[in-house]
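Analysis of the macromolecular model
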Amino acid sequence: MNKITNRQAICDILLEASKTDRDIVVLCSDSRGSASMTPFAKTYPEQFVEVGIAEQDLVSISAGLAACGKKAFAVSPACFLSTRSYEQAKIDVAYSNTNVTLVGISGGISYGALGMSHHSLQDIAAMCALPDMRVYLPSDRFQTGKLIEALLQDEKPAYVRVSRSATEDIYEEQMKFELDKAHVLSEGEDAMIIACGEMVPYALEAARILEKDGIRVGVVDMYCLKPLDEEAVLQYASRVKCLITVEEHSVYGGLGSMVAAVTAEKHPIKVKKIALPDGHLIPGSNTELFAYYGMDGAGIAETVKKTLTEG
């Protein structure tokens, strides 16, 4: 298993790009260490801004710099970035259409043991509701790197959420990447699991478990939540018996809700949502919580079996 987190991959890409692009600027809210941005701050101190624990200022200052021609990356824990500074994301970034990439680190239940105050389980729903805001949950370091490279080439607002821990490598360094297009990792005729972010490795594990029982399940990495790759969703809705969505987010308003809305309108099919419940979660590490709420490989596999037998 690789030891490079997605947040480290973001820093590596920005370090390399800043060798020739002095318009790149990184801003942190007293989070350079947890964001793995210390190397950037040391290498390019004139392109780094520390605002302290002031997420609203973080976003507004980023938007101001972007309005002056800078490529701003505002990095902060997702739980705070998506809630404390939501109005600034709405007005200063989305409505003003500024070249700001909001990077939510330690997303979902990465801070599992710290409880609800440090969970970001509503950010997909909130950020997707903002006009002109794109939302991405990359799965591994290579996909994360390709995404950041692509975002450096445009001037549109975006929200990128990454986990705290390192996930296993899913792709290769020279992977084929297309912005806003889902990646199909495996095919299957019984069911298709559509996952995003840190849930993708668990989805692949579930597919391997099910294959041993003769159940053919495919896996789609829907790293692009907005714009959602509807073409990929509908393509598989016409081929399999059911769709299973897996996300590190509230059961309301996330990937599952979006997939269900698309299929209900354009190709009705059973959609089973695997997500975190609408309630206060128990404390524990993220891996403990994934197992407890049936979101690890074994849990996902069991849900797929039940969904298929329900008809």
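Notes on the structure follow. Please read all numbers here as calculations on a predicted model, not as lab measurements.

Now for the overall build of the chain. Scanning the chain from terminus to terminus reveals twelve helices and twelve strands. Considered along the principal axes of its C-alpha atoms, the chain spans approximately 60 × 35 × 35 Å. Within the chain, the proportion of its 311 residues that are buried is 57%. Across the chain, the fraction of contacts at a sequence separation of at least 24, relative to all contacts at a separation of at least 6, is 79%.

Right, let's get into the sheet that holds strand β8 (residues 191-195). Spatial ordering of the open sheet is given by β7-β9-β8-β11-β12, a layout of five strands whose pairing is mixed. Edge positions in the sheet fall to β7 (183-186) and β12 (270-276), since each has one partner strand and no second. With strand direction ignored, the average angle separating the axes of adjacent strands in the sheet is 25°. As paired strands, β8 and strand β11 (residues 242-250) are joined by five bridges and run parallel to one another. Bridging from a neighbouring strand, Ala191 pairs with Cys242 of β11.

Below, the discussion takes up the pairing of strand β6 (residues 158-161). Neither face of β6 is left uncovered, since the one carrying Ala158 and Val160 and the one carrying Tyr159 and Arg161 both have all their residues buried. Bridging between strand β5 (residues 134-136) and β6 involves three bridges; their strand directions are parallel. The partner of Val135 across the bridge, within β6, is Tyr159. In this fold, β5 hands off to helix α7 (residues 141-151), which returns the chain to β6; that crossover is right-handed.

Attention shifts here to the packing of aromatic side chains. Taken as a whole and judged by the stated rule, the model has five aromatic pairs. Taking 5.4 Å as the distance between ring centres and 50° as the angle between the ring planes, the aromatic pair formed by Phe40 and Tyr44 counts as tilted. Considered together, Phe40 and Tyr44 belong to a single accessibility category, that of buried residues. Among the aromatic residues, those joined into a ring-pair cluster are Tyr136, Phe177 and Tyr223.

This part is about the environment of Arg239. Along the chain, Arg239 falls in the loop between α9 (230-237) and β11. Taking the C-alpha atoms as reference points, Arg239 and Asp190, separated by 49 residues in sequence, lie 8.3 Å from one another. Beyond its immediate stretch of four places on either side in the chain, Arg239 contacts Glu187 and Glu189.

What follows concerns the pattern of salt bridges. Tallied over the entire structure, the rule returns 14 salt bridges. In this structure, the salt-bridge partner of Lys71 is Asp21, at a minimum N-O distance of 2.6 Å. Placement of Lys71 in strand β3 (residues 71-77) and of Asp21 in the loop between α1 (6-17) and β1 (24-28) is noted, with a sequence separation of 50 residues between them. In this structure, Lys241 engages Asp190 in a salt bridge whose closest nitrogen and oxygen atoms are separated by 3.4 Å. Placement of the pair is Lys241 in the loop between α9 and β11 and Asp190 in the loop between β7 and β8, with a sequence separation of 51 residues. Residue classification places Asp190 among the buried residues on the basis of a relative accessible area of 14%.

A few words on the nonpolar core. In globular proteins that are soluble, nonpolar side chains generally tend to be buried together. Leu14, Met37, Phe40, Leu102, Met133 and Leu243 are the most contacted members of the largest nonpolar core, which has 103 residues in total. Top contributing element to this core by residue count: helix α8 (residues 199-212), with eight residues. Once residues within four sequence positions are removed from consideration, Phe40 is found in contact with Cys11, Leu14, Leu15, Ser18, Ile24, Val26, Pro45, Gln47 and Phe48.

With that out of the way, let us pick up the sheet that holds strand β4 (residues 100-105). Read across the sheet, seven strands follow the order β2-β1-β3-β4-β6-β5-β10 without closing on themselves; strand pairing throughout is mixed. Among the strands making up the open sheet, the edge pair consists of β2 (48-50) and β10 (224-226). This sheet shows a mean twist of 20° between the axes of neighbouring strands, independent of strand direction. Taken together, the four bridges between β4 and β6 define a ladder with parallel strand orientation. Following the sheet pairing, Gly104 is matched in β6 by Arg161.

Okay, the pairing of β3 next. Summarising burial for β3: six of the seven residues are buried, a large majority. Where β1 meets β3, five bridges bridge the pair, whose relative direction is parallel. Directly across from Leu27, in β3, lies its bridge partner Ala74. Sheet analysis places β3 next to β4, joined by six bridges and oriented parallel. Paired with Val75 across the two strands is Val103, which belongs to β4.

A word on unusual backbone geometry. Following Lys226, the chain continues to Pro227 via a peptide bond in cis, the omega torsion being 0°. In this structure, Ser36 takes a positive phi of about 60° despite not being glycine. Looking at the secondary structure, you find Ser36 in the loop between β1 and α2 (38-43). With relative accessibility at 11%, the residue Ser36 sits in the buried group. A positive phi angle, near 50°, is found at Ser106, a position not held by glycine.

What counts, and where the lines are drawn
- Residues numbered from 1 in each chain as written.
- Predicted model: local features only at pLDDT ≥ 70, side-chain atom pairs only at ≥ 80, totals over all residues.
- Heavy atoms only, no water.
- Helix = DSSP H or I, 4+ residues; strand = E, 2+ residues; numbered from the N terminus.
- Buried < 20%, exposed > 50% of the residue type's maximum accessible area, 1.4 Å probe, protein only.
- Contact = heavy atoms within 4.5 Å.
- Pairing = 2+ DSSP bridges.
- Axes fitted to C-alpha atoms, helices over the stretch in contact; angles between N-to-C directions.
- Right-handed = clockwise from strand over helix to strand, strands pointing away.
- Phe/Tyr/Trp six-rings, centres within 6.5 Å; stacked < 30°, edge-to-face > 60°.
- Salt bridge = Lys/Arg side-chain N within 4 Å of Asp/Glu carboxyl O.
- Core = buried A, V, L, I, M, F, W, Y, C linked by side-chain atoms within 4.5 Å.

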